[in-house]
Amino acid sequence: MERLSILGSTGSIGLQTLDIVRRNPERFSVTSLVAHSRWQELAIEAREFGVERVVIGDKSYYTALKEALADTSVEVLAVARLS
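Cut-offs applied
- In every chain, residue numbers begin from 1 and rise along the written sequence.
- The predicted nature of this model means local features are confined to residues of pLDDT at least 70 and side-chain atom pairs, given and counted, to a pLDDT of 80 or more, with totals for whole chains, interfaces and linings taken over all residues.
- The side-chain figures draw on all heavy atoms in the structure; neither hydrogens nor water molecules are used.
- Strand pairing is assigned whenever DSSP detects at least two bridges linking the two strands.
- Numbering goes from the N terminus for both helices and strands, where a helix is a DSSP run of H or I of at least four residues and a strand is a run of E of at least two.
- The convention used is that axes are lines fitted to C-alpha atoms, helices contributing only their stretch in contact, and that angles between N-to-C directions extend from 0 to 180 degrees.
- The contact criterion used is simple: two residues touch if any of their non-hydrogen atoms lie within 4.5 Å.
- Relative orientations are named as follows: roughly parallel for angles under 35 degrees, roughly antiparallel for angles over 145 degrees, roughly perpendicular for angles from 65 to 115 degrees, and oblique for any other angle.
- Rotating anticlockwise by less than a right angle from the far helix to the near helix defines a left-handed crossing, while the corresponding clockwise rotation defines a right-handed one.
- Here the term charged refers only to Asp, Glu, Lys and Arg, the term nonpolar to Ala, Val, Leu, Ile, Met, Phe, Trp, Tyr, Cys and Pro, and the term polar to all other amino acids, Gly among them.

For the rest of this paragraph, the subject is the sheet that holds strand E4 (residues 75-78). With respect to topology, four strands assemble into an open sheet ordered E1-E2-E3-E4, the strand pairing being parallel. Edge positions in the sheet fall to strand E1 (2-7) and E4, since each of these pairs with one other strand and no more. Ignoring strand direction, the axes of neighbouring strands in this sheet form an average angle of 20°. As paired strands, E1 and strand E2 (residues 28-35) are joined by six bridges and run parallel to one another. Considered in E2, the bridge of Ile 6 is made with Leu 33. Here helix H1 (residues 12-23) sits on the sheet in contact with E1 and E2, set at roughly 160° to E2. Packed onto the sheet, helix H2 (residues 39-49) meets E2 and strand E3 (53-56) and runs at close to 165° relative to E2.

Dropping the structure here:
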(Lines give C-alpha, C1' and ligand atoms only; values in the text may rest on other atoms or scores of the structure.)
Protein backbone atom coordinates (compact mmCIF):
# COMPACT_ATOMS: atom_id res chain seq x y z
CA MET A 1 0.00 0.00 0.00
CA GLU A 2 1.25 3.46 -0.94
CA ARG A 3 1.15 6.03 1.87
CA LEU A 4 0.43 9.54 0.61
CA SER A 5 0.86 13.08 1.86
CA ILE A 6 -1.24 15.43 -0.22
CA LEU A 7 -0.23 19.07 -0.52
CA GLY A 8 -3.06 21.39 -1.50
CA SER A 9 -5.70 18.78 -0.70
CA THR A 10 -8.57 21.28 -0.96
CA GLY A 11 -7.55 22.54 -4.39
CA SER A 12 -8.49 21.04 -7.75
CA ILE A 13 -5.49 18.71 -8.11
CA GLY A 14 -5.73 17.66 -4.46
CA LEU A 15 -9.43 16.88 -4.83
CA GLN A 16 -8.73 14.81 -7.93
CA THR A 17 -6.03 12.93 -6.05
CA LEU A 18 -8.39 12.21 -3.16
CA ASP A 19 -10.97 10.93 -5.64
CA ILE A 20 -8.38 8.44 -6.95
CA VAL A 21 -7.71 7.33 -3.37
CA ARG A 22 -11.46 6.87 -2.78
CA ARG A 23 -11.68 4.63 -5.83
CA ASN A 24 -8.57 2.62 -4.88
CA PRO A 25 -8.58 2.16 -1.08
CA GLU A 26 -6.64 -1.09 -1.38
CA ARG A 27 -3.77 0.72 -3.11
CA PHE A 28 -3.53 4.05 -1.26
CA SER A 29 -3.61 5.37 2.27
CA VAL A 30 -3.49 9.10 3.08
CA THR A 31 -1.34 9.98 6.07
CA SER A 32 -1.12 13.78 5.81
CA LEU A 33 -3.11 16.58 4.27
CA VAL A 34 -2.01 20.17 3.72
CA ALA A 35 -4.12 23.20 2.79
CA HIS A 36 -3.51 26.92 2.83
CA SER A 37 -6.72 28.36 4.28
CA ARG A 38 -9.73 26.10 3.65
CA TRP A 39 -9.67 24.69 7.17
CA GLN A 40 -13.29 23.45 7.16
CA GLU A 41 -12.73 21.37 4.02
CA LEU A 42 -9.44 20.14 5.46
CA ALA A 43 -11.20 18.96 8.63
CA ILE A 44 -13.80 17.07 6.58
CA GLU A 45 -11.08 15.39 4.50
CA ALA A 46 -9.11 14.49 7.63
CA ARG A 47 -12.12 12.69 9.07
CA GLU A 48 -12.99 10.92 5.83
CA PHE A 49 -9.48 9.61 5.20
CA GLY A 50 -8.48 9.01 8.81
CA VAL A 51 -5.19 10.87 8.44
CA GLU A 52 -2.46 11.08 11.06
CA ARG A 53 -1.88 14.81 10.64
CA VAL A 54 -3.05 17.97 8.90
CA VAL A 55 -1.14 21.16 8.21
CA ILE A 56 -2.76 24.56 7.67
CA GLY A 57 -0.69 27.14 5.80
CA ASP A 58 -2.45 30.19 7.21
CA LYS A 59 -1.82 29.94 10.93
CA SER A 60 -4.75 32.25 11.71
CA TYR A 61 -6.99 29.19 11.10
CA TYR A 62 -5.00 26.87 13.38
CA THR A 63 -7.27 27.21 16.43
CA ALA A 64 -10.47 26.67 14.45
CA LEU A 65 -9.00 23.59 12.76
CA LYS A 66 -7.68 22.24 16.07
CA GLU A 67 -11.11 22.66 17.66
CA ALA A 68 -12.85 21.05 14.68
CA LEU A 69 -10.68 17.94 15.08
CA ALA A 70 -10.50 17.93 18.90
CA ASP A 71 -12.46 14.68 19.16
CA THR A 72 -10.01 12.84 16.88
CA SER A 73 -6.39 11.73 17.18
CA VAL A 74 -5.37 13.89 14.19
CA GLU A 75 -2.24 15.96 14.85
CA VAL A 76 -2.90 19.57 13.80
CA LEU A 77 0.04 21.71 12.69
CA ALA A 78 0.46 25.19 11.23
CA VAL A 79 3.19 26.50 8.98
CA ALA A 80 5.54 28.85 10.77
CA ARG A 81 6.69 31.71 8.57
CA LEU A 82 10.38 32.40 8.75
CA SER A 83 11.44 36.02 8.40
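Text resumes after the structure shown.
The subject of this paragraph is the packing of H1 against H2. One can describe the packing of H1 onto H2 by two numbers: an axis separation of 12 Å at closest approach and a directional angle of 15°. Taken as axis vectors, H1 and H2 run roughly parallel relative to one another. As for the relative orientation of H1 and H2, their crossing is left-handed in sense. Contacts between H1 and H2 involve Leu 15, Leu 18, Val 21 and Arg 22 on the former and, on the latter, Glu 45, Glu 48 and Phe 49. Residues that form the contact of H1 with H2 fall into these classes: four nonpolar, no polar and three charged.

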